[in-house]
Amino acid sequence: LVQSSPEEEVDFPPKLDSDDISYFSSTHDIDNLHWALTNTFRRSQRNTNPSQIVHPLPSVIVSRGGGLTYSTAYKLQLDIEQAHFLADNLEDKQKAAYFRKEVIPTYQKVLERIPPLDKLEKTGGLYAFQKEDMQDGISSVYNKALHVTDFEELKDGQTG
């Protein structure tokens, strides 16, 4: 995969493999690595825009707890912590308010319903989202790309 012009559509795989990452790393091509990862990610079910989803999440990702239908208490706690950070630090005040008023309360409602770990032995600690969780909007925020960092913001004087 090599970056193409905006008019040229590239068919990205559902996920990049270690050979893809090695290729970009071996040539120190961080810009195109970021481009490939971003485009692969945006074509996955993690995209909040359903019209841009091209590939379902690969089963290996789902089987490791990275799907859209179940989670763990510690994953939701981490997501809440990250959402608080974004709500407090994003320059885009509208996006910050979205995290504060929508994302955090949704995660907190679902987290309150997760039983203690010893009650989840049959599922290995995984909690399957329930009807109430869906009604509270978990499917619109959980494992979605609600904030994608702009690579240009991360560059220092030595990068690209």
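The rules we used
- Residues numbered from 1 in each chain as written.
- Predicted model: local features only at pLDDT ≥ 70, side-chain atom pairs only at ≥ 80, totals over all residues.
- Heavy atoms only, no water.
- Helix = DSSP H or I, 4+ residues; strand = E, 2+ residues; numbered from the N terminus.
- Expected span 1.5 Å × (residues − 1).
- Bend = angle between axes of the 7 residues up to and from the residue.
- Buried < 20%, exposed > 50% of the residue type's maximum accessible area, 1.4 Å probe, protein only.
- Polar contact = N/O pair within 3.5 Å; in protein donor to acceptor, adjacent residues only side chain to side chain.
- Contact = heavy atoms within 4.5 Å.
- Core = buried A, V, L, I, M, F, W, Y, C linked by side-chain atoms within 4.5 Å.
- Axes fitted to C-alpha atoms, helices over the stretch in contact; angles between N-to-C directions.
- Parallel < 35°, antiparallel > 145°, perpendicular 65-115°, else oblique.
- Left-handed = near helix turned anticlockwise from the far one by under 90°.
- Nonpolar A, V, L, I, M, F, W, Y, C, P; charged D, E, K, R; others polar.

Caption draft 1: Broad picture of helix α5 (residues 93–113). If you check α5, its first and last C-alpha atoms are 30 Å apart, about what 21 residues at 1.5 Å a residue would give, namely 30 Å. F99 marks where α5 bends most, by close to 30°. Residues of α5 that are buried include every one of A96, F99, V103, I104, T106, Y107 and V110, and no others.

Caption draft 2: Main features of the side chain of S71. Structurally, S71 is set in strand β1 (residues 70–71). Among the polar contacts listed, one links the side chain of S71 to the side chain of Y142, at a separation of 2.9 Å. Those residues in contact with S71 that lie beyond four places of it in its chain are L76, G125, L126, Y127, F129 and Y142.

Caption draft 3: Inspection of the nonpolar core at higher detail. The biggest cluster of nonpolar side chains holds 20 residues, and the ones touching the most others in it are F99, V103, Y107 and I138. Contributing elements (two or more residues each) for this core: α4 (73–89), α5 and α7 (138–141). Here the element with the most residues in this core is α5; it accounts for six residues. Excluding anything up to four places from it in sequence, I138 contacts T106, Y107, V110, F129 and D133.

Caption draft 4: Quick peek at the packing of α4 against α5. Their axes nearest at 9 Å, the elements α4 and α5 cross at an angle of 165°. Here α4 lies roughly antiparallel to α5, going by the angle between them. Between α4 and α5 lies a crossing whose hand is left-handed. Contacts between α4 and α5 involve A73, L76, Q77, D79, I80, A83, H84, L86, A87 and D88 from the first element and A96, F99, R100, V103, I104, Y107, Q108, V110 and L111 from the second. In the contact of α4 with α5, the residues fall into 13 nonpolar, three polar and three charged.

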